[in-house]
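The residues making up each chain are set out below.
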Amino acid sequence: DQFHDKTPYTIMFGPDKCGEDYKLHFIFRHKNPKTGEYEEKHAKRPDTDLKSYFSDKKTHLYTLVLNPDNSFEVLIDQTVVNSGNLLNDVNPPVNPPNEIEDPDDQKPEDWDERPKIPDPDAVKPVDWDEDAPAKIPDENAVRPEGWLDDEPEYIPDPDAEKPEDWDEDMDGEWEAPQVANPKCEAAPGCGVWQRPTIDNPNYKGKWKAPMIDNPSYQGIWKPRKITNPDYFEDLEPFKMTPFFAIGLELWSMTSDIFFDNFIVCSDRAVADEWGNAGWGLKKAADGAAEPSVVGQMMAAAEERPWLWAVYILTVALPVFLVILFCCSGKVSTASVFQY
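Now for a look at the structure at hand. (Residues numbered from 1 in each chain as written. Predicted model: local features only at pLDDT ≥ 70, side-chain atom pairs only at ≥ 80, totals over all residues. Heavy atoms only, no water.)

### Section: the overall build of the protein chain
This is how it is decided: Where helices and strands are cited, they refer to DSSP runs of H or I of at least four residues and of E of at least two residues respectively, numbered from the N terminus. Relative accessibility decides the category of a residue: with a 1.4 Å probe and only protein chains considered, values under 20% of the type maximum give buried, values over 50% give exposed, and everything between is partly exposed. Residue contacts are counted whenever heavy atoms from the two residues lie within 4.5 Å of one another. Only the protein chains shown count as covering a residue, and every accessible area follows the Shrake-Rupley method with a 1.4 Å probe.
In terms of helices and strands, the protein chain carries six helices and 15 strands. Put simply, the protein chain has 339 residues, and 19% of those count as buried. Partitioning the intrachain contacts of the protein chain with sequence separation of at least 6 by distance along the chain shows that 66% fall at a separation of at least 24. For the protein chain, the accessible surface area stands at approximately 26800 Å², while carbon and sulfur atoms represent 55% of it.

### Digging into the state of the cysteines
For clarity, the threshold we go by: Pairs of cysteine sulfur atoms within 2.5 Å are identified as disulfides in what follows.
Applying the stated criterion to the full structure yields one disulfide. Each sulfur in the disulfide pair Cys 184 and Cys 190 lies 1.8 Å from the other. Disulfide Cys 184 to Cys 190: torsion about the S-S bond roughly -125°, handedness left-handed. Cys 190 shares its class with Cys 184; the two are buried.

### Some points on the sheet that holds strand β4 (residues 62-66)
The criterion, for reference: Whether two strands pair depends on DSSP finding at least two bridges between them. As a rule, the C-alpha atoms of each element are fitted with a line to give its axis, helices using only the stretch in contact, and angles between N-to-C directions run from 0 to 180 degrees.
Spatially, the three strands line up as an open sheet ordered β4-β5-β6, and their pairing is antiparallel. The strands lining the two open edges of the sheet, one partner per strand, are β4 and β6 (79-85). Here the average twist between neighbouring strands, direction ignored, is 15°. Relative to β6, strand β5 (residues 71-76) runs antiparallel, the two sharing six bridges. Following the sheet pairing, Glu 73 is matched in β6 by Ser 83.

### Observations regarding the packing of aromatic side chains
Basically, it comes down to this: Only the six-membered ring of Trp is used, alongside the rings of Phe and Tyr, when aromatic pairs are assigned; centres must lie within 6.5 Å, and planes under 30 degrees apart are stacked while those over 60 apart are edge-to-face, with the rest tilted.
Applying the stated criterion to the full structure yields three aromatic pairs. Measuring from ring centre to ring centre gives 5.3 Å for Tyr 22 and Phe 54, while their planes differ by 50°; the resulting arrangement is tilted. One end of the pair, Tyr 22, is in strand β2 (residues 21-31); the other, Phe 54, is in helix α1 (residues 51-55), and 32 residues separate them in sequence. Ring geometry for Phe 26 versus Phe 72: centroids 5.2 Å apart, planes at 65°, classification edge-to-face.

### Brief notes about the nonpolar core
Let me state the cut-off plainly: As used in this record, nonpolar core signifies buried Ala, Val, Leu, Ile, Met, Phe, Trp, Tyr and Cys residues forming a set joined through side-chain atoms within 4.5 Å.
Among the nonpolar cores identified, the biggest contains 14 residues, and Leu 24, Phe 26, Phe 28, Phe 72 and Leu 86 are the most heavily contacted of them. Mapped by element, the contributors of at least two residues to this core are β2 and β5. Examining the composition of this core, we find that four residues originate from one element, β2, more than from any other. When sequence neighbours within four positions are dropped, the list of residues in contact with Leu 86 reads Phe 26, Phe 28, Leu 66, Asn 70, Phe 72, Val 94, Pro 237, Phe 238 and Met 240.

### Remarks on the sheet that holds strand β3 (residues 38-43)
Remark on secondary structure: sheet strands pair via backbone hydrogen bonds, oriented parallel or antiparallel. Here we have four strands laid out as an open sheet, ordered β1-β2-β3-β7, and antiparallel in their pairing. The outermost strands of the open sheet, each flanked by one partner alone, are β1 (11-18) and β7 (90-91). When β1 meets β2, the two strands line up antiparallel, connected through eight bridges. Bridging from a neighbouring strand, Cys 18 pairs with Asp 21 of β2.

### What to know about a nonpolar patch on the surface
Just so we agree on the cut-off: Like-charged residues are merged into a patch within 9 Å and nonpolar side chains (Val, Leu, Ile, Met, Phe, Trp, Tyr) within 5 Å, provided each residue has over 30% relative accessible area and no salt bridge. Throughout this description, the term salt bridge denotes a Lys or Arg side-chain nitrogen within 4 Å of a carboxyl oxygen of Asp or Glu.
Nonpolar side chains collect at one region of the surface, where Phe 243, Ile 246, Leu 248, Leu 250, Ile 257, Phe 259, Phe 262 and Val 264 lie side by side and expose about 800 Å² of accessible area between them. Examined against the element boundaries, Phe 259 turns out to sit in the loop between β15 (225-227) and α3 (268-277).

### Regarding the pattern of salt bridges
A complete count under the given rule lists 19 salt bridges for this structure. In this structure, Glu 39 and Lys 41 form a salt bridge, with 2.6 Å as the shortest nitrogen-oxygen distance. The exposure class of Glu 39 is partly exposed, given its relative accessible area of 40%. Residues Lys 206 and Glu 130 are paired through a salt bridge, measuring 3.4 Å at the closest nitrogen-oxygen approach. In this pair, Lys 206 sits in the loop between β13 (197-199) and β14 (211-213) while Glu 130 sits in the loop between β9 (116-118) and β10 (135-137), placing the two residues 76 residues apart along the sequence. Residue Lys 206 is classed as exposed on the basis of its relative accessible area of 61%. Classification of Glu 130 by relative accessible area gives partly exposed; the value is 26%. Among the charged side chains, a salt-bridge network with shared partners connects Asp 21, Lys 23 and Arg 45.

### Some points on the environment of Pro 177
Here Pro 177 shows up in the loop between α2 (168-171) and β12 (178-180). Sequence spacing of Pro 177 and Pro 158 is 19 residues, and the spatial spacing of their C-alpha atoms is 9.1 Å. For Pro 177, the contacting residues outside a window of four places in its chain are Ile 155, Pro 156, Asp 157 and Ala 160.

What is shown is where atoms sit, not what they do.
Here it is as structure tokens:
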């Protein structure tokens, strides 16, 4: 009656799927020996792609092994998918750093972090024109023959009619919508012809002094290091807070998910025996219930009808070639056998 969703845990272990993110959690709560407060430590994520374990609809066995030397192993179906050490492979680390950056240290006002600076001795060339445009009209361009200067590209739609409910006092003076000028369709263009623009060979843009090494460069400033007042060293995080119960944290929108045969023990051989006696039988049953190759091909073709054409060509083509080869050959009377 004292066990509920707010009960503190020691170890959280198991699979977790959120959208397309597939995880296998190993989290433990570590007690700070100086403050007595607890902090979650998360094991590094497995390098193995876990998606298949969530999508193959098979029974799986999840195992966590913690050793007195602080090493750990995470297994799925008795195969290691993650391993490490509680002192080196959890985040945040169990032990804080011995030194930290001084929070009260401040960068001097005259500290120069610029590795490069504009050359103070550089002078803008006399012929440098900052006002020259980037584009200029192409003086070699010629107006295409047949260009209609006096014809606009768009004209009022001659077939448009003012709506009967149009109120000029409310809606303003009615104007027909614009449509493309049909006279321009056969012409190279309409309207006032303008020369196309090209890149200006004299364009240089805004002048800037070239960059040189900063003689006053002092590097990137960092605060000085001081002894961490919160430092401690726990070399045996394996000695976790005792626990007295197992709880399941379940949140699923998928039906037909089952959990059973939980075991916590101090002998790995016992856990392996339990796994073989329980999960091993289910694994064998899963294998026996798997459809045959033909059944899998039929199921695949139901989802992808184009596979029927592949199957027909794969089977029918060799048969056709065999029949064609046998019927087209000349038979010698000396090699005829009769059954």
